[in-house]
Amino acid sequence: MCGTLVSVPWLPELFSAPVLQQFLDKRRRDKLVAVPYFDGLMAGDPGPLVESFAGEPEVHDPVRGRIKGVAAFTAFVTETSAWLRQQRASVEDVEHVILDRHGFEEVVLHLDTDNRSVSLPIIVVADRLLDGRIEEVRIYFASQPLTGQRANRPPLLQADPGLPPSGAVAAYLHGFAAGDVDAIVVAFEPDGYVRDAEGRQHSHGGPDGLSAYYERLFSTGRGIPLESCAVVDDGRTCVLEYNVVRWGTTRPSPQAGAGVFVRGHGGKLAAVRVYDDTIPPLGRDA
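Conventions we followed
- The residue count restarts for each chain, going from 1 along the sequence in the order it is written.
- Residue-level local features of this predicted model are given only where pLDDT is at least 70; pairs of side-chain atoms are given and counted only at 80 or more, and the full residue set underlies all totals for whole chains, interfaces and linings.
- Side-chain numbers here rest on the full set of heavy atoms in the structure, without hydrogens or water.
- Paired strands, as defined in this entry, are two strands with at least two bridges between them according to DSSP.
- The helix and strand labels rest on DSSP assignments: H or I over at least four residues marks a helix, E over at least two residues marks a strand, and numbering proceeds from the N terminus.
- Stacked, tilted and edge-to-face are the three classes applied to pairs of Phe, Tyr and Trp rings, where Trp contributes its six-membered ring and a pair requires centres within 6.5 Å; stacked means planes under 30 degrees apart, edge-to-face means over 60, and tilted covers the rest.
- Throughout this description, buried means an accessible area under 20% of the type-specific maximum (1.4 Å probe, protein chains only), exposed means over 50%, and partly exposed covers the range between.
- Take a side-chain nitrogen of Lys or Arg and a carboxyl oxygen of Asp or Glu: if they are within 4 Å of each other, that pair is a salt bridge.
- Whether two residues are in contact is decided by their heavy atoms, any of which lying within 4.5 Å being enough.
- Here a polar contact means two N or O atoms within 3.5 Å. Within protein one must be a hydrogen donor candidate and the other an acceptor candidate, and residues neighboring in sequence count only if both atoms are side-chain atoms.

Student: Help me understand the pairing of strand β7 (residues 90–98), please; the structure alone is not making it clear to me.
Tutor: One face of the sheet, then the other: side chains in a regular strand alternate in exactly this way. As defined by bridge partners, β7 adjoins strand β8 (residues 102–113) across 8 bridges and the pair is classed as antiparallel. Opposite Val97, over in β8, you have Phe104 as the bridge partner.

Below, the structure is given as structure tokens:
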């Protein structure tokens, strides 16, 4: 075993030595800065997870909604742990960043459910105190691959106009708000790609390229402004939590979402990965 696993959000010192060793063996690490979200859930013991919070547990889940309080959270952990075992769940790590007050982990959850396999991209964002304890956890994924339908997910956070990202991320967001396909495409590295909420990937050279994808998104005639709510950014990877408040000329019910922006070596976007359940106007599938 080698290396340190930096993830969010559970505090490793709260787990028993045998359980913690299982996490280390599974991840092939010799130290944990924090226990990953799904590892903690699948351990089946709510106690260390409850104690990882600074106050009352609070989790926002796309399917279960807001879970707050020890009793509700304990029931959620117990039920979710059992369900994950039934579905023979496995977790593929994608990206993680942990800063003083915020952190995120991005994974793909692989499930065997209803005689079919589902690969569900998920991002978990945690607000933390300086001592590592959690204030709140927010989870984002597209519900359709799991439930067969999109969910109407109201905003989780208020808009914060003082969070303007910079560089290629800002260029992308400005182009997205204006419906400017050319401005968006030029913000990507030559080998850059976007993965939409359903897990479909679009790249410059692919059969369903970047330009075609964004032209479909903006076919109503205008762009899609995003209200910026919170940012986790380590200089390479930026996670933006946002609200969708307008789609072209249509004003749908505000919807919560998150996007991951990975910068390439040239400073442009190597990847954009989308996590929301926003329903396009007139039910059009973008």
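Student: Please clarify how the packing of aromatic side chains should be interpreted in this entry.
Tutor: How two aromatic rings sit relative to each other is set out by the distance from centre to centre and by the angle between their planes. Under the criterion given, the structure shown has 11 aromatic pairs. Ring centres 6.5 Å apart and planes at 35° place the aromatic pair Phe73 and Phe76 in the tilted group. Of the two residues, Phe73 and Phe76 both sit in helix α4 (residues 70–86), 3 residues apart, roughly one turn of that helix. Both residues of the pair, Phe73 and Phe76, belong to the buried class. One aromatic cluster in this structure is built from Tyr172, Phe176, Phe188, Tyr213, Tyr214, Phe218 and Phe261.

Student: Please explain the pattern of salt bridges as it appears in this structure.
Tutor: Pairs can form between side chains of opposite charge whenever their charged atoms are close. By the definition in use, this model includes 16 salt bridges. Linking Arg195 and Glu106 is a salt bridge whose minimum nitrogen-to-oxygen distance equals 4.0 Å. Taken together, the residues Arg195 in strand β11 (residues 188–195) and Glu106 in strand β8 connect sequence positions 89 residues apart. When sorted by exposure, Arg195 lands in the same class as Glu106, which is buried. Counted as one network, the salt bridges with shared partners bring together Glu95, Glu106, Arg195, Arg236 and Arg273.

Student: Please explain the environment of Ser119 as it appears in this structure.
Tutor: Mapping Ser119 onto the fold places it in strand β9 (residues 116–128). Residue Ser119 is classed as partly exposed on the basis of its relative accessible area, which comes to 43%. Taking C-alpha positions, Ser119 is 9.8 Å from Ala89, a pair spaced 30 residues apart along the chain. Beyond its immediate sequence surroundings of up to four residues, Ser119 is in contact with Val108, Leu109 and His110. Only 2.9 Å separates the side chain of Ser119 from the side chain of His110, close enough to count as a polar contact.

Student: Would you take a moment to explain the environment of Val77 for this structure?
Tutor: Checked against the element boundaries, Val77 lands in helix α4. For the pair Val77 and Gly44, spaced 33 residues apart in sequence, the C-alpha separation works out to 7.0 Å. Apart from residues no more than four positions distant in its own chain, Val77 is found in contact with Leu41, Pro46 and Leu49.

Student: Looking at this model, I keep getting lost on the side chain of Glu105. Mind explaining?
Tutor: Mapping Glu105 onto the fold places it in strand β8. Among the polar contacts made by the side chain of Glu105, one reaches the main-chain amide nitrogen of Tyr37 at a distance of 3.1 Å.

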